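# Observations on chain architecture
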Amino acid sequence: MSTLTISLEKVDFLPPTRVTDDTSVLTLKNLVFEPLLKWDDGFVRPALFDRWTHSVDGREWRFHIREGAIFHDSKPCVAEDIIGFLDGILEAVDTFGMKWSYARYLKDARITAEGPDVVRVENPDPIADILDIFSEFYICRFNADGRPILGTGRYRVVEFEQLKRAILERVNGEAGPQRILALAEKHAEARYAQLRDGSIDAALNLERVEGRLVFDTAFDWGRAINTLSVMYYLNCSQGVFRSAQARLAVNHAVNTAAIAEEIFHGLAVPSSTIVSPFHLGAGKANLAPIGHDPEKAKRLLDGVDAGGPIRLRTPTFMPERSPEVSRFVAASLEAVGLEVNVETELDRPEYARQIGRKEMGDMAIFDSSPHSTYRILNDKISAKTQAVWWQGFDDPETEALIAAANHAVDDADRELAYARCLTRLHQNPPWLYLVHPIDVFAARKGIGGLSIDHKGTLNIR
């Protein structure tokens with residue numbers, strides 16, 4: 001195929017200091033840029049760094065840039081390019097104006113160039129989780145027009161109209177179409193219509209149609225469970241959810257399989273812990289979702305003083321279908337004897353800032369997007385770090401398990417250590433676990449070579 005035309009919810013190349021989990025943006029990034037390391041269901045594989053070594057104690061790491069890595073303007077990619085990129089990330093803020101956590105992870109690290117093709121990371125404590133962190137960074141540079149479109153990937157950008165279209169041209173390798181035309185179409189129904197009328201070859205994120213998606217057999221379909229968790233933070237600092245029994249009770253009270261089927265129209269699966277089945281440690285833990293058992297929920301709540309109505313907070317989107325999920329959850333909690341008031345925040349960025357300031361009421365729906373188990377534990381669970389998204393959960397047993405995981409260096413040791421963390425958080429949940437969405441794409445029959453990964457990225461062989 002000479003040209004592949006795809007329809008995405010968004011067509012954009014973000015500044016180098018912006019990390020995102022937007023599946024449309026990630027699809028383009030994976031084609032034009034290279035991550036330092038490639039995430040592969042919890043583990044990492046070679047990418048722009050094609051090999052690495054570490055000291056026995058995990059305090060010192062050396063990462064080697066792959067031979068022949070060249071930006072699309074013919075400039076060789078060297079260690080100083082990567083260090084400059086990292087410096088920018090560590091000083092940046094996120095979409096909501098909040099400081100990225102990366103600066104905290106690496107606050108004591110010394111990152112230097114050991115020659116043109118080796119990046120050295122030294123840290124006072126073991127830092128095997130540098131692998132997770134580096135898998136989120138896609139190295140790019142600005143072109144002469146000030147646009148962040150220069151990468152070292154298979155495709156270079158030859159035309160780009162922000163939020164409208166982009167044309168990519170293959171510059172290395174023999175696999176894949178010679179050109180890719182990416183078109184922006186905000187609405188999933190319209191993307192599906194483009195596929196039906198033959199104006200495109202493939203459409204991404206069709207799970208976002210308003211009603212139940214019809215899987216027309218005229219097309220080839222791909223789907224994958226996303227690593228994103230739709231969940232409720234529970235206020236563990238004050239109110240009823242200081243009680244471990246109450247937190248477990250609400251997990252038994254809500255039928256997450258019904259949420260997946262009725263609200264997400266079958267395009268979601270129930271959660272069992274703080275991460276998806278594809279995070280590091282989840283496969284080893286092999287946990288089932290907490291069972292829907294309203295009678296057990298009532299028994300657990302017996303003797304727990306709710307102290308008045310529960311304040312359940314929700315935005316109108318992010319997560320998708322938040323109002324519908326919140327109505328379902330409120331009804332489920334009322335069915336086991338709790339009184340619930342639903343409060344809706346219309347300003348989504350302000351909602352995130354409120355949660356960051358711990359102004360969350362008793363429970364607040366949110367989504368947890370990092371594909372790193374380390375990041376979720378560090379940012380959201382650990383009482384030692386008490387980071388931006390931590391909501392007062394304080395369990396000494398969990399904290400000891402996190403500390404052990406943070407000092408595990410080899411992959412097998414890290415996997416087992418994280419499995420123990422996830423199992424404990426299944427037994428003593430800090431959140432109300434809900435679902436992981438399923439991402440869906442469709443393509444014209446016979447194209448081949450298209451697939452979708454658990455981050456929702458469309459991959460083109």
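Computed from a predicted structure; not experimentally measured.

The next thing to look at is the overall build of the protein chain. A tally of helices and strands in the protein chain yields 14 helices and 22 strands. For 461 residues, the compact-globule estimate of 2.2 N^0.38 gives 23 Å, and the protein chain sits close to it at 23 Å. The principal-axis extents of the C-alpha atoms in the protein chain amount to approximately 70 × 60 × 35 Å. The burial tally for the protein chain puts 57% of its 461 residues in the buried class. Accessible area of the protein chain: about 18,700 Å², with a carbon and sulfur share of 48%. One finds the centroid of the 53 positive side-chain charges in the protein chain at a distance of 1 Å from the centroid of its 66 negative side-chain charges.

The subject of this paragraph is the sheet that holds strand E8 (residues 118-122). Read from one edge to the other, the open sheet built from four strands follows the order E5-E6-E8-E7, with strand pairing classed as antiparallel. In this open sheet, the two strands that pair with only one neighbour each are strand E5 (49-54) and strand E7 (110-113). In this sheet, neighbouring strand axes are inclined to one another by 20° on average, regardless of whether the strands run parallel or antiparallel. Pairing between strand E6 (residues 60-65) and E8: five bridges, direction antiparallel. The partner of Glu 60 across the bridge, within E8, is Glu 122.

Burial within strand E19 (residues 363-368) is extensive, with six of its six residues counted as buried. Both faces of E19 are covered, namely the face carrying Met 363, Ile 365 and Asp 367 and the face carrying Ala 364, Phe 366 and Ser 368. The pairing of strand E15 (residues 229-234) with E19 spans six bridges and is classified as antiparallel. Looking at E19, one finds that Leu 234 is bridged to Met 363. Sheet analysis places strand E17 (residues 310-315) next to E19, joined by two bridges and oriented parallel. Looking across to E19, one finds that Arg 313 is bridged to Ala 364.

Turning to the environment of Leu 228, a few remarks are in order. Counting through the fold element by element, Leu 228 comes out in the loop between strand E14 (219-225) and E15. Between the C-alpha atom of Leu 228 and that of Leu 14, which follows or precedes it by 214 residues, the distance is 21 Å. Contact partners of Leu 228, with chain neighbours within four places excluded, come to Asp 21, Asp 367, Ser 368, Ser 369, Val 435, His 436 and Pro 437.

Scanning all chains against the criterion turns up 38 salt bridges. Between Arg 357 and Glu 359 there is a salt bridge; the shortest N-O distance is 3.1 Å. Take Arg 357: its relative accessible area is 43%, and that puts it in the partly exposed class. Across the pair Glu 397 and Arg 424 runs a salt bridge whose closest N-O atoms are separated by 3.6 Å. Here Arg 424 lies in helix H14 (residues 411-427) and Glu 397 lies in helix H13 (residues 396-406), a separation of 27 residues in the sequence.

Attention now goes to the environment of Asp 347. Summarising the element assignment, Asp 347 is placed in the loop between strand E18 (340-345) and helix H11 (348-356). Asp 347 sits 202 residues away from Asp 145 along the chain, and the two C-alpha atoms are 34 Å apart.

For the rest of this paragraph, the subject is the nonpolar core. Of all hydrophobic cores here, the largest spans 103 residues; its most connected members are Ile 82, Phe 134, Phe 137, Ile 274, Val 329 and Met 363. When neighbours within four sequence positions are excluded, Ile 82 is seen to be in contact with Leu 36, Leu 48, Phe 49, Ile 65, Cys 77, Val 119 and Ile 139. Val 32, Phe 33, Tyr 138 and Val 157 belong to the second largest nonpolar core, which has 30 residues in total.

Turning to helix H2 (residues 79-91), a few remarks are in order. In this model H2 runs 19 Å from its N-terminal to its C-terminal C-alpha over 13 residues, within 8% of the 18 Å that 1.5 Å per residue would give. For H2, the set of buried residues is Ala 79, Asp 81, Ile 82, Ile 83, Phe 85, Leu 86, Ile 89 and Leu 90.

Between helix H12 (residues 373-381) and H14, whose axes approach to 11 Å, the crossing angle comes to 45°. In this view, H12 runs oblique relative to H14, as classed from their interaxial angle. Like other packed secondary-structure pairs, H12 and H14 cross with a definite hand, here left-handed. Of the residues in H14, those in contact with Thr 373, Tyr 374, Leu 377 and Ile 381 of H12 are Tyr 418, Cys 421, Leu 422 and Leu 425. Of the residues belonging to the contact of H12 with H14, the class tally is seven nonpolar, one polar and no charged.

All chains considered together, the criterion is met by 20 aromatic pairs. On the numbers, 6.0 Å between centres and 85° between planes, the contact of Phe 13 with Phe 33 is edge-to-face. Here Phe 13, found in the loop between strand E1 (3-8) and helix H1 (23-32), pairs with Phe 33, found in the loop between H1 and strand E2 (34-35); they are 20 residues apart in sequence, far enough to count as distant. Both residues of the pair, Phe 13 and Phe 33, count as buried. An aromatic cluster is defined as three or more aromatic residues linked by ring pairs; in this entry it consists of Phe 49, Trp 61, Phe 63, Phe 85, Trp 100, Tyr 102, Tyr 105, Phe 134, Phe 137 and Tyr 374. Taking the ring centre of Tyr 192 as reference, the NZ or CZ of Arg 196 above it sits at 3.8 Å. The ring of Phe 215 has Arg 223 sitting right over it, with the charged end atom 4.2 Å from the ring centre.

Conventions used here
- Residues numbered from 1 in each chain as written.
- Predicted model: local features only at pLDDT ≥ 70, side-chain atom pairs only at ≥ 80, totals over all residues.
- Heavy atoms only, no water.
- Helix = DSSP H or I, 4+ residues; strand = E, 2+ residues; numbered from the N terminus.
- Rg over C-alpha atoms; globule rule 2.2 N^0.38 Å.
- Buried < 20%, exposed > 50% of the residue type's maximum accessible area, 1.4 Å probe, protein only.
- Areas by Shrake-Rupley, 256 points an atom, 1.4 Å probe, with all protein chains shown as cover.
- Lys, Arg positive; Asp, Glu negative; His and termini not counted.
- Charge placed at Lys NZ, Arg CZ, Asp CG, Glu CD.
- Pairing = 2+ DSSP bridges.
- Axes fitted to C-alpha atoms, helices over the stretch in contact; angles between N-to-C directions.
- Contact = heavy atoms within 4.5 Å.
- Salt bridge = Lys/Arg side-chain N within 4 Å of Asp/Glu carboxyl O.
- Core = buried A, V, L, I, M, F, W, Y, C linked by side-chain atoms within 4.5 Å.
- Expected span 1.5 Å × (residues − 1).
- Parallel < 35°, antiparallel > 145°, perpendicular 65-115°, else oblique.
- Left-handed = near helix turned anticlockwise from the far one by under 90°.
- Nonpolar A, V, L, I, M, F, W, Y, C, P; charged D, E, K, R; others polar.
- Phe/Tyr/Trp six-rings, centres within 6.5 Å; stacked < 30°, edge-to-face > 60°.
- Lys NZ or Arg CZ within 6 Å of the ring centre and 35° of its normal.

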